[in-house]
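Coordinate analysis (summary)
Next come the chains, spelled out residue by residue.
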Amino acid sequence: MTGRTAAPRDGGWVVNVTPAVAGLATLCAATALSGVIAGGLWLVYLAVAITVIGGTGVLLRSARMPLPVVVLGQLLALTSVLVTIFTRSGVLVVLPGPQSLSDLVAKLGEAMAEVQTGVPPVPDSEAMRCLVMVAIGLVAIVVDLLAVGAKAPAASGLVLLCVFAVPASLADEMLPVWTFVFGAGAFALLLAVDGQHRHEAWRGKLPGGGQSGSAPAATGVAALAVVIALVAGASLAFVGTVGRLPGSGDQIGGGSGGLGIDPMTELRGMLNQGAPRELFRVRDLPTSAYLRAMTLREYVPDKGWQLGGNLPEGVAADGALPVQPGDQGGGEVVDVKIEPVNWVDNWLPVYGRPRGIQEVDDNWRYDPVRGMVYSVRARKSGEYTLQTVLETPSADKLRRTSGQVDVEAEYLEAPGVESRVADLARRIVSGHDNQFDQATALYRYFTDGTQGFTYTTQTSNTDTSADALADFVLAGKKGFCEQYASAMAIMARSVGMASRVALGFTAGFPTGDYQTITSQDAHAWVEIYFPGYGWMVFDPTPLSDGRGVTPPYISGMSADDEEDGSTAGATTTTTTTAAPGTSSSASAVPGAQGQDGTGQVDEPTPTWHLATLIVAFLVALLVTAPVLFGGSPKKNGQARPDQQVLPGQAVWLRQAPWVRRAALVTAVAAWVLVSVLLVALVSWPLAVVLALLAAAAAPSGVRVWRRRERLRAVAGLGPDAAGAAWQELVAESVDRGTRVPDTETVRVAARRLVRVHNLDEQGRDGLRAVVGAVERSWYSTQAAADPSLPGAVDSVRQSLSRNAPLALKAKFLPRSVLQPKAPTDSDPQD
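Everything quoted here is computed from the prediction, not taken from an experiment.

The rules behind these values
Residues numbered from 1 in each chain as written. Predicted model: local features only at pLDDT ≥ 70, side-chain atom pairs only at ≥ 80, totals over all residues. Heavy atoms only, no water. Helix = DSSP H or I, 4+ residues; strand = E, 2+ residues; numbered from the N terminus. Buried < 20%, exposed > 50% of the residue type's maximum accessible area, 1.4 Å probe, protein only. Salt bridge = Lys/Arg side-chain N within 4 Å of Asp/Glu carboxyl O. Phe/Tyr/Trp six-rings, centres within 6.5 Å; stacked < 30°, edge-to-face > 60°. Lys NZ or Arg CZ within 6 Å of the ring centre and 35° of its normal. Patch = residues over 30% accessible without salt bridge, like charges linked within 9 Å, V, L, I, M, F, W, Y side chains within 5 Å. Areas by Shrake-Rupley, 256 points an atom, 1.4 Å probe, with all protein chains shown as cover. Pairing = 2+ DSSP bridges. Contact = heavy atoms within 4.5 Å. Axes fitted to C-alpha atoms, helices over the stretch in contact; angles between N-to-C directions. pLDDT = per-residue confidence, 0-100. Expected span 1.5 Å × (residues − 1). Left-handed = near helix turned anticlockwise from the far one by under 90°. Nonpolar A, V, L, I, M, F, W, Y, C, P; charged D, E, K, R; others polar. Lys, Arg positive; Asp, Glu negative; His and termini not counted. Charge placed at Lys NZ, Arg CZ, Asp CG, Glu CD.

A few words on the side chain of Arg797. One can find Arg797 in helix 23 (residues 789–803). The class for Arg797 is buried, based on a relative accessible area of 10%.

Time to look at the pattern of salt bridges. All chains considered together, the criterion is met by 30 salt bridges. With a shortest N-O distance of 3.2 Å, Arg797 and Glu732 are connected by a salt bridge. Taken together, the residues Arg797 in helix 23 and Glu732 in helix 20 (residues 721–735) connect sequence positions 65 residues apart. We classify Glu732 as buried; its relative accessible area is 4%. Several salt bridges share partner residues, and in doing so they unite Arg703, Arg707, Arg710, Glu728, Glu732, Asp735, Arg736 and Arg797 into one network.

What the rule picks out here adds up to 21 aromatic pairs. What links up through ring pairs into an aromatic cluster is the set Tyr445, Phe446, Phe453, Phe472 and Tyr484. Here Lys477 stacks its cationic end above the ring of Phe453, 5.4 Å away from the centre of that ring. When the ring centre of Trp535 is taken as origin, the NZ or CZ atom of Arg500, which lies over that ring, is 4.2 Å away.

Now for a nonpolar patch on the surface. A contiguous nonpolar patch, built from Ile614, Phe617, Leu618, Leu621 and Trp671 and spanning about 460 Å² of accessible area, is present on the exposed surface. For the nonpolar patch, the element with the highest residue contribution is helix 16 (residues 607–629), accounting for four residues. Counting through the fold element by element, Leu618 comes out in helix 16.

The strand order 11-4-19-22-23 describes an open sheet built from five strands, whose pairing is antiparallel. If you trace the sheet from one side to the other, it starts and ends with strand 11 (350–351) and strand 23 (534–538), each paired once. Judged from the seven bridges that link them, strand 19 (residues 499–505) and strand 22 (residues 522–530) form a sheet pairing that is antiparallel. Note on strand 22: the bridge partner recorded for Phe505 is Ala522. On top of the sheet, helix 14 (residues 481–494) reaches strand 19, strand 22 and strand 23; it is set at about 15 degrees to strand 22, its chief contact.

As a further point, take the pairing of strand 23. The element strand 23 is extensively covered by neighbouring structure, given that five of its five residues are classed as buried. Between strand 22 and strand 23, which follow one another and run antiparallel, lie three residues, and Gly532 among them has a positive phi close to 90 degrees.

Counting through the fold element by element, Ser80 comes out in helix 3 (residues 67–86). Of the residues examined, Ser80 reaches a relative accessible area of 13% and is grouped as buried. With residues up to four places along the chain from it excluded, the contact list for Ser80 reads Val94, Leu95 and Pro96.

The next point concerns the confidence of the model for the protein. Per-residue confidence for the protein gives a mean pLDDT of 75, with 73% of residues at or over 70. The model gives residues 558–602 a pLDDT under 50, and that stretch makes 103 contacts with residues more than four places away or in other chains. This stretch, residues 822–830, has a pLDDT under 50; its non-local contacts, to residues over four places away or in other chains, come to 16 contacts.

We now examine the pairing of strand 4 (residues 291–296). On a regular strand, one side chain projects to one face of the sheet and the next to the other, so that they alternate. Burial of strand 4 is extensive: six of the six residues sit out of reach of the surface. The sheet contact formed by strand 4 and strand 11 spans two bridges and is antiparallel. Residue Leu291 lies in a different strand from strand 11, and its bridge partner there is Tyr351. Bridge count for strand 4 against strand 19 is five bridges, and the pairing is antiparallel. Residue pairing across strands places Leu296 opposite Val501, the latter belonging to strand 19.

This part is about helix 3. With 20 residues, helix 3 should reach 28 Å at 1.5 Å per residue; the first-to-last C-alpha distance of 29 Å fits that figure. Every buried residue of helix 3 is listed here: Val70, Gly73, Gln74, Ala77, Leu78, Ser80, Val81, Leu82, Val83, Thr84, Ile85 and Phe86.

Looking now at the environment of Leu131. Within the secondary structure, Leu131 is located in helix 5 (residues 126–149). The spacing of Leu131 and Glu110 is 21 residues in sequence and 9.3 Å in space, taken between C-alpha atoms. Discounting chain neighbours no more than four positions away, the residues touching Leu131 are Leu108, Ala111, Met112 and Val115.

Attention now moves to the packing of helix 2 (residues 41–62) against helix 5. One can describe the packing of helix 2 onto helix 5 by two numbers: an axis separation of 9 Å at closest approach and a directional angle of 35 degrees. For the pair helix 2 and helix 5, the crossing hand works out as right-handed. Contact with helix 2, carried on its side by Leu41, Trp42, Tyr45, Leu46, Ala49, Ile50, Ile53 and Arg61, involves Arg129, Val132, Met133, Ile136, Gly137, Ala140, Ile141, Asp144, Val148 and Gly149 of helix 5 and no other residues of that element. Residue composition of the contact of helix 2 with helix 5, by class: 13 nonpolar, two polar and three charged.

Reading across from one edge, 7-13-14-10 is the order of the four strands in this open sheet, with antiparallel pairing throughout. Looking at strand neighbours, the two that pair on one side only are strand 7 (315–316) and strand 10 (344–347), the edges of this open sheet. Note that strand 10 and strand 14 (residues 372–380) share three bridges and pair antiparallel. Directly across from Val344, in strand 14, lies its bridge partner Lys380.

Our next topic: helix 14. Along an α-helix, residues three or four positions apart point the same way, because every turn accommodates 3.6 residues. Taking 1.5 Å per residue, 14 residues should reach 20 Å; helix 14 reaches 20 Å between its end C-alpha atoms and fits that length. Burial within helix 14 is extensive, with 13 of its 14 residues counted as buried. Gly496, located one to two residues past helix 14, shows a positive phi value of around 95 degrees.

Another point: a negative patch on the surface. There is a patch of like negative charges on the surface, built from Asp318, Glu359, Asp361 and Asp362. Within the fold, Asp361 resides in the loop between strand 12 (353–358) and strand 13 (364–367).

Attention now goes to the environment of Val344. Locating Val344 in the fold gives a position in strand 10. For Val344 and Arg377, which are 33 residues apart along the polypeptide, the C-alpha to C-alpha distance reads 9.6 Å.

So, about unusual backbone geometry. Phi at Asp284 is positive, roughly 70 degrees, even though this residue is not glycine. With respect to the helices, strands and loops of the structure, Asp284 is situated in the loop between strand 3 (278–283) and strand 4. You will see that Leu717, though not glycine, has its phi angle at about 55 degrees, which is positive. Mapped onto the secondary structure, Leu717 falls in the loop between helix 19 (684–716) and helix 20.

Looking now at the environment of Leu618. A relative accessible area of 47% means that Leu618 is categorised as partly exposed. Residues Leu618 and Trp671, spaced 53 residues apart in sequence, show a C-alpha to C-alpha distance of 9.9 Å.

In structure tokens, the structure reads:
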């Protein structure tokens, strides 16, 4: 049946390694994801998933299950692995149930947010591992179906090529060359193995029994596959979609003015990442301030905040920059050095009111109206020097502002705002006769702690439409910066204040001589326009972890704020996030929360675990090598005619069969231990399940090995060929519940086999030939066996399969292994 790990051919035993090679090809193709996913632990997770899928396929095919059942079984096995690793709510830990499936969907939702917003390479988070295991696990099932089930491994190349295409299109740089080498090499091996297996099945010969006439053709196809994979990979690797803006050519915006990815979605993704990712290193910043990446001017009902319209051509960002609307051009200019670390985007963040930027290339443009530095395509910038003004006017100056608002009318539009929200905004600002006090009243409504607003990134409502904002302001009162900034900005517009939502980063935390800003510092706030001064920051999010920045015109209101002139950029309520390893509870600190984002730090792998894994791996290698290259044991001092003794072979293994058997058992046990310890790196419950499965599969594995050794001896036509043939047929009978007493002669035992197992004519003829060969081996002086012996053994085994098929229990628990010395009287098969 298709998918069996081995098939008898003319008394020999041809091992079908296609399932294993198909899994290897999938794993090697998946290495292309190293261009978009950091770290390497995800590859171990993939190896576990692919091994389970391949093993399930082999197991079900050996039980002669139909193809749909094999695929469904593999899907169930993959789901069970996912449930075991990524949830704690599975039925009996490993089986999927309603709650565990719900938890998996939630985990995949986190991963999709990281995919939509992350900049390759994204962190090796738990959610990302889950997504990769699902995607590549499905690929492994399809490849196994094509290569093993449909016997069309060449068709699986299209699926594997898609695995390369996805990371190649997402990575901003060319994928590593070694990923193409591994992928193409494994696929070539899959084609070669399948071609050799087909040739041997057609010729009816054992591996090494003759030269395959199709080998050159298989080699040619493999070589062509390598060329195609390398050319396709090299071509696709230059395709990048990171942060791509819609539209064609160099057009900024796509008519709707939206980003290729929604700005708010990008913000949510950075905040929801399990492990913080370093984005910027800032030097010479004299005071804490928000780092602004972009501003959103348009509010669309049922969609939320967007850039609004196409960006203008702007001016070159390298050099002196024009002032923003309302900015009088004064103030102390400071030089701030900003070093992007893992930032590849269309936006180059700035502080305060920029006056100039040095050391950026010509691809960056500056829009003074929006206060943004942008590029047509996402790109990585080197360290740049920002010349900016951080000083802000005093509260008294802002109170005295008056005059016409000289900004675009879009900054005053508030379409679709619920009347209840607009009425609430008017009540909040009533009694204040100037714009500054009105804006401050809105700000205090969210931050003074009297209205029940709380900050959390775990809210399930990330919608910023009109209905969602009304629910947030009037009922829910729980969310993160996106909801707070959206709500205050639209409420400010509803009472006539020009406002916009700014996206960027909070202050970060100090690291040596620079300030570190990570993905967990991503933030949204409100900027309100004041004639004569420009855009002023109001952050309504009630942050409690020290990351917020409160401008002096707000923080100094409790003191004497009637002084004239501008205030320095220093803040009174800002404390930067503590550095890693301190006792700060701020969630933005790298290392302060585990990979799963739950606040629990991942425990390191115990030393004994790693030491045992290394020792087991070394033992497995040392014992496997002589077993593979030690040749087959001699019989009566003569090597079998089918074995060629090569230089360097382990002579002691060939001369001592029991030593070879012991070495083989040791090698298998060592590799099982290595596999269990590797899986334990991912999940101990799954490792326990694997160990139990290995123990359960041990009897059938021993039976397969014994059968293979005997049939190989039969095919060798040596002095022990006839004895090995009879031993195998007796074992086949024992597995079916009928034992051959030691006191019976070969002919009597043969008649018993014919009668009990109802052998047909072909089986009886084969059995007579085997009995004759056994008797000749006893009395004849000729050492070589009859060349027809392998075919005779195969005829008997095929007749047994037709007329007395093995029960499923007998396949997994063979009596010839479990009860080798049991009573000899016959009993019917279960």
